[in-house]
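Structural overview
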Amino acid sequence: NSNIPVIAIDGPTASGKGTVAAKVAERLSFHLLDSGALYRLTALSALRRATDMSDEHALAKVAEHLNCSFVGHDVFLGQENVTQAIRVEEVGNTASKIAALPAVRQALFGLQLRFRTAPGLVADGRDMGTVIFPTAKLKVFLTASVAARAERRYKQLIGKGFSANMDDLLADLQARDERDTKRAVAPLAPAADAYILDSSNITAEEAVEQVLRWYAEKQ
Ligand code: CDP
Ligand code: CDP
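Residues numbered from 1 in each chain as written. Chains lettered and ligands numbered in written order. Predicted model: local features only at pLDDT ≥ 70, side-chain atom pairs only at ≥ 80, totals over all residues. Heavy atoms only, no water.

Under an unreviewed UniProt entry, the name given to the protein chain is Cytidylate kinase, and the source organism is Massilia agilis. Database annotation for the protein chain, UniProt heading Sequence similarities (unreviewed entry): "Belongs to the cytidylate kinase family. Type 1 subfamily." (UniProt positions renumbered as here; feature names shortened; annotations may be inferred.)

Right under this line is the structure:
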């Protein structure tokens, strides 16, 4: 299925990847892979089972046996709708820690490839263009300043009814950037052939239009 087009959108936390990827997928009627959700689901599942977070093998087993499904904008673990539960910061932080473990990444590899189905896929994450879909037709690296990203995450959490503290968010965001870019396996970095899009001063809609223009140029 390597002929099925993929648009890979990678970037740091709160750069707008998820929002932009979902809108691009909608515009093209493509499937969507929120790869971060898979790491978050693994984290949530491990937290609930009280899995030893230093046991790489046990965490990989949790990833391998993830019983998850995506229905519209909702995410399920078994029968339970965990759309909200996977978005809390504790789960995000745990996800970012276990995502540094090679066995966990390996366990989620095949699952991600299965999302590549006709007519096409928009995939967002950290290593979509570099590791999972190196043959993607278009690779975008979406960034924004730390300040812009912290403010976006703040508004997003408050909007969803969570409490949030700007200083904690900034610290978390920088810690996550550090872990994502410095880990040995699949570190966050633009693919050599990625288009860099700095969205600090543009709206999500403008970012969507730019991605669609680049994709049209590739046709
Ligand atoms: O929303 P945010 O960008 O903070 O995170 P996410 O995309 O939901 O992903 C949660 C965590 O999973 C990130 O902090 C990454 O460390 C990790 N991740 C990854 O390593 N590789 C991916 N392809 C996607 C996410
Ligand atoms: O997936 P990722 O963590 O990269 O970010 P997100 O959850 O898609 O986006 C974070 C928030 O920033 C969302 O509430 C977006 O509406 C907002 N936003 C954006 O995505 N892009 C902009 N250019 C401006 C704001």
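Before going further, it helps to examine the pattern of salt bridges. Close approach of charged atoms allows side chains with opposite charge to pair. The full count for this structure, using the stated rule, is twelve salt bridges. The salt bridge involving Glu80 is made with Arg48; its shortest N-O contact spans 2.8 Å. Highlighted residues: Glu80 in strand E5 (residues 80-81) and Arg48 in helix H2 (residues 35-48), separated in sequence by 32 residues. By relative accessible area, which is 37% here, Glu80 ends up partly exposed. The partner of Asp177 in a salt bridge is Arg149, with the nearest N and O atoms 2.7 Å apart. Linking Asp177 in helix H8 (residues 166-182) with Arg149 in helix H7 (residues 146-159), this pair joins segments that are 28 residues apart in sequence. The exposure classification of Asp177 matches that of Arg149, with both residues buried. Among the charged side chains, a network of salt bridges with common partners joins Arg126, Asp180 and Arg183. (Salt bridge = Lys/Arg side-chain N within 4 Å of Asp/Glu carboxyl O. Helix = DSSP H or I, 4+ residues; strand = E, 2+ residues; numbered from the N terminus. Buried < 20%, exposed > 50% of the residue type's maximum accessible area, 1.4 Å probe, protein only.)

Feature annotation in UniProt places "binding site: ATP" (unreviewed entry) on Gly11, Pro12, Thr13, Ala14, Ser15, Gly16, Lys17, Gly18 and Thr19, given in this structure's numbering. Locating Thr13 in the fold gives a position in the loop between strand E1 (6-10) and helix H1 (17-28). Given a relative accessible area of 4%, Thr13 falls into the buried group. With near-sequence residues (within four places) excluded, Thr13 lies in contact with Arg126, Arg149, Arg153, Leu173, Arg176 and Asp177. As for its position among the elements, Ser15 is in the loop between E1 and H1. Owing to a relative accessible area of 2%, Ser15 belongs among the buried residues under this scheme. Those residues in contact with Ser15 that sit more than four places away from it in its chain are Leu142, Thr143, Ala144, Arg149, Arg152 and Ser199. Polar side-chain contacts of Ser15 include one of 2.9 Å to the backbone oxygen of Pro12. (Contact = heavy atoms within 4.5 Å. Polar contact = N/O pair within 3.5 Å; in protein donor to acceptor, adjacent residues only side chain to side chain.)

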